[in-house]
Amino acid sequence: MQVPLTTVDMRIVEKHRAALHRGFHVWPTLAFDRPPAMGDARWTADLILATWYQAETGRPPDNGLEYRVGASGGGFDVLDFKFLPKEKWLPEDEPIDTSIPLNRRPYDRRIEIPVPWYGAGMSFGSVSEQIMLARAKAAQMWRTFTCTGEGGYPDSLTPYKDHVITQIATGMFGVREETILRAPIVEFKYAQGAKPGLGGHLLGDKATVAVAKMRESVPWVSLFSPFPFHSVYSVEDHKKHIDWVKAIHPEALISVKVSTPTDIDMVAVGSYYAGAHIIHIDGGYGGTGAAPEIAKKNIAMPIELALPKVHRFLIQEGIRDEVVLMASGGIRTAYDIAKAIALGADGVVLGTTELVALGCTRCSNCERGRGCPFGLTTTDPELSELVDPDWGAERLSRLYASFQLQLRDILRRLGLRSVRELRGRTDLLVYRKT
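Caption draft 1: Quick look at the packing of aromatic side chains. Following the criterion strictly, the structure yields 13 aromatic pairs and no others. Judged by centre distance (5.0 Å) and plane angle (65°), the ring pair of Phe24 and Trp52 falls under edge-to-face. Here Trp52 lies in helix H2 (residues 45-57) and Phe24 lies in helix H1 (residues 7-26), a separation of 28 residues in the sequence. Looking at Phe24, the relative accessible area reads 4%, which means it is buried.

Caption draft 2: A look at the layout of surface pockets. By volume, the second largest pocket is sized at about 540 Å³. Along its surface, the second largest pocket is lined by 21 residues, and Tyr190, Phe227, Val232, Val258 and Val267 are the ones closest to its centre. Of all the secondary structure elements, the ones that give two or more residues to the lining of the second largest pocket are helix H6 (235-248), strand S10 (253-258) and helix H7 (264-274). Tallied by class, residues from the lining of the second largest pocket come to 14 nonpolar, six polar and one charged.

Caption draft 3: Geometry of H6. If you check H6, its first and last C-alpha atoms are 20 Å apart, about what 14 residues at 1.5 Å a residue would give, namely 20 Å. Considered for burial, the residues of H6 that qualify are Asp237, His238, His241, Ile242, Val245 and Lys246. Where H6 is buried, its residues touch strand S6 (164-168), helix H4 (177-182), strand S7 (185-189), S10 and H7.

Caption draft 4: Structural detail: the pattern of salt bridges. For the structure on display, the rule yields 30 salt bridges. Between Glu94 and Arg417 there is a salt bridge, and its shortest N-O distance comes to 2.9 Å. Here the residue Glu94 occupies a position in the loop between strand S1 (79-81) and strand S2 (100-101), and Arg417 occupies one in the loop between helix H13 (389-414) and strand S14 (429-431), the gap between them amounting to 323 residues. Accessibility expressed as a relative area gives 43% for Arg417, which makes it partly exposed. With a shortest N-O distance of 2.8 Å, Glu178 and Arg176 are connected by a salt bridge. Exposure remark for Glu178: the relative accessible area of 39% places this residue in the partly exposed category. Under the relative-accessibility criterion, Arg176 is labelled partly exposed at 23%.

Caption draft 5: Structural view of the packing of helix H10 (residues 334-342) against H13. Packing of H10 against H13 leaves a shortest axis separation of 9 Å and a crossing angle of 50°. The angle between the axes of H10 and H13 places the two elements in the oblique class. Of the two possible hands of crossing, H10 and H13 adopt the one that is right-handed. In this structure, H10 uses Ala334, Tyr335, Ile337 and Ala338 to contact H13, whose residues at the interface are Phe403, Gln406, Leu407, Ile410 and Arg413. Here the contact of H10 with H13 is built from residues that sort into seven nonpolar, one polar and one charged.

Caption draft 6: Quick peek at the sheet that holds S10. Taken in spatial order, the eight strands make up an open sheet running S4-S13-S12-S11-S10-S7-S6-S5, and their pairing is parallel. The sheet terminates laterally at strand S4 (117-119) and strand S5 (146-147), the two strands that pair on one side only. Judged from the five bridges that link them, S7 and S10 form a sheet pairing that is parallel. Along S10, the bridge assignment pairs Val186 with Ile254.

Caption draft 7: Empty space enclosed by the protein, seen in detail. The full count for this structure, using the stated rule, is five cavities of 30 Å³ or more. Counted as a void, the second largest cavity has a volume near 110 Å³. The wall of the second largest cavity is formed by 16 residues, among which Lys189, Ala191, Gln192, Gly199 and Gly200 lie closest to the centre.

Caption draft 8: Fine view of unusual backbone geometry. Phi at Trp220 is positive, roughly 65°, even though this residue is not glycine. You can see Trp220 is positioned in the loop between helix H5 (209-214) and strand S9 (223-225). On the basis of relative accessible area, Trp220 is assigned to the exposed category, the value being 52%. Phi angles above zero are rare outside glycine, and Ser364 is one such case at about 65°. Among the secondary structure elements, Ser364 is positioned in the loop between helix H11 (352-357) and helix H12 (381-384). Using a relative accessible area of 39% as the deciding quantity, one classes Ser364 as partly exposed.

Caption draft 9: Structural view of the pairing of strand S11 (residues 278-282). S11 sits mainly inside the fold: five of its five residues count as buried. The side-chain alternation of S11 yields two buried faces, one formed by Ile278, His280 and Asp282 and the other by Ile279 and Ile281. For S10 and S11, the ladder comprises four bridges, and the chain directions are parallel. Note that in S11 the partner of Ser255 across the bridge is Ile278. For the segment spanning S10, H7 and S11, crossover handedness is right-handed. The sheet contact formed by S11 and strand S12 (residues 324-328) spans five bridges and is parallel. Bridge pairing in S12 places His280 opposite Met326.

Caption draft 10: Spotlight on the pairing of S12. In terms of burial, S12 is largely enclosed, as five of its five residues are buried. Here S12 shows two buried faces, one formed by Val324, Met326 and Ser328 and the other by Leu325 and Ala327. Note that S12 and strand S13 (residues 347-350) share two bridges and pair parallel. Among the inter-strand pairings, Ala327 is bridged to a residue of S13, identified as Val348. As for the winding sense of the linkage, the β-α-β connection from S12 through H10 to S13 is right-handed.

How each quantity is defined
Residues numbered from 1 in each chain as written. Predicted model: local features only at pLDDT ≥ 70, side-chain atom pairs only at ≥ 80, totals over all residues. Heavy atoms only, no water. Phe/Tyr/Trp six-rings, centres within 6.5 Å; stacked < 30°, edge-to-face > 60°. Helix = DSSP H or I, 4+ residues; strand = E, 2+ residues; numbered from the N terminus. Buried < 20%, exposed > 50% of the residue type's maximum accessible area, 1.4 Å probe, protein only. 1 Å grid on protein atoms, 1.4 Å probe; cavity = no way out; pocket = protein on both sides within 12 Å on 5 of 7 lines; lining within 4 Å. Points joined across faces, edges and corners; volume = space filled by probe spheres on them. Nonpolar A, V, L, I, M, F, W, Y, C, P; charged D, E, K, R; others polar. Expected span 1.5 Å × (residues − 1). Contact = heavy atoms within 4.5 Å. Salt bridge = Lys/Arg side-chain N within 4 Å of Asp/Glu carboxyl O. Axes fitted to C-alpha atoms, helices over the stretch in contact; angles between N-to-C directions. Parallel < 35°, antiparallel > 145°, perpendicular 65-115°, else oblique. Left-handed = near helix turned anticlockwise from the far one by under 90°. Pairing = 2+ DSSP bridges. Right-handed = clockwise from strand over helix to strand, strands pointing away.

None of the figures reported here should be taken as evidence of function without further support.
Okay, here's the thing in structure tokens:
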């Protein structure tokens, strides 16, 4: 999607790109202390700068930046681990396994990822093609996955198809037989935790010619992805959806993304009996700045409450070990990943965290075509040039390395040799409300 740039244009892009990269490097050193207006209670200035630091260095900061929790006063921020006394920690040279399977059923293909996370769906339109490429390249490096979101599957992602999940949502934007056939995993998005019951909305100034072509729509016209699937009102309808994809691509694993209503436990069991391999539950803290704040804060259940509810119910039904449970919607740090797994998830799905690693400051201007000053949540051809996909992939790869390092350290201090042993171990958590 490169646009022809004049020499002057190229100089302008390069000037801004160099300034941004310098900022991402300098600010986490605290040479100018913390920016006074950066962040919020969940994504504090420390967490944003610490994520930049990890994406720069591949390790957690050692300069006083808080990289484990935010300041929300609830949820993951008041949970901690009951670490063993130091003399009982596993030795530094003891291998710690961080891999998880993505299919626990006794049939269909076996897929295992070396880290307990993959990238969340972000559509072409909500983010630029450069961001999608950066995430796909990082997923390939780490043998994990990223997800297209529901904006279609740009051809530039095809070399990374073994690490790209195709998403099908209610708008059916860009859903084609060949893109389903490319994907090892197909994800049905029934709802998003940041805006359950509201559907998706892409404003007209982000629906560029390229985006509209991919979505088989009209340029510069706002697009609405309605809620719900009006073809699905029962488990039987749900199974017909899954059967449709399996008829096209029998080898594909099926993921089902849902939000967190109060009956999320029943939804999870229904998805299992419909044939899903992965149940992806999305809590209310995720979403970009394009998601309405009133929806984020008032509709879906926090992921910290939904996870143990679903995990326990799947155990009671005797099907917990036949389905993979992935969690998203507010997973910011390596400690959040470990806590989500201790609450009952097999692994997590990262969205906003990856954008922060690429320079997002959480300024919440994501809905406009030229709103993102960092070239992330934009489809503007000039702003998109601010992110080089190779540079972005390297930053994501270093963030992953830091997260894996910290996750292994957490497991070592808990005396666990595999992240799979951590699943559902709420007895290893402690509530530290101040």
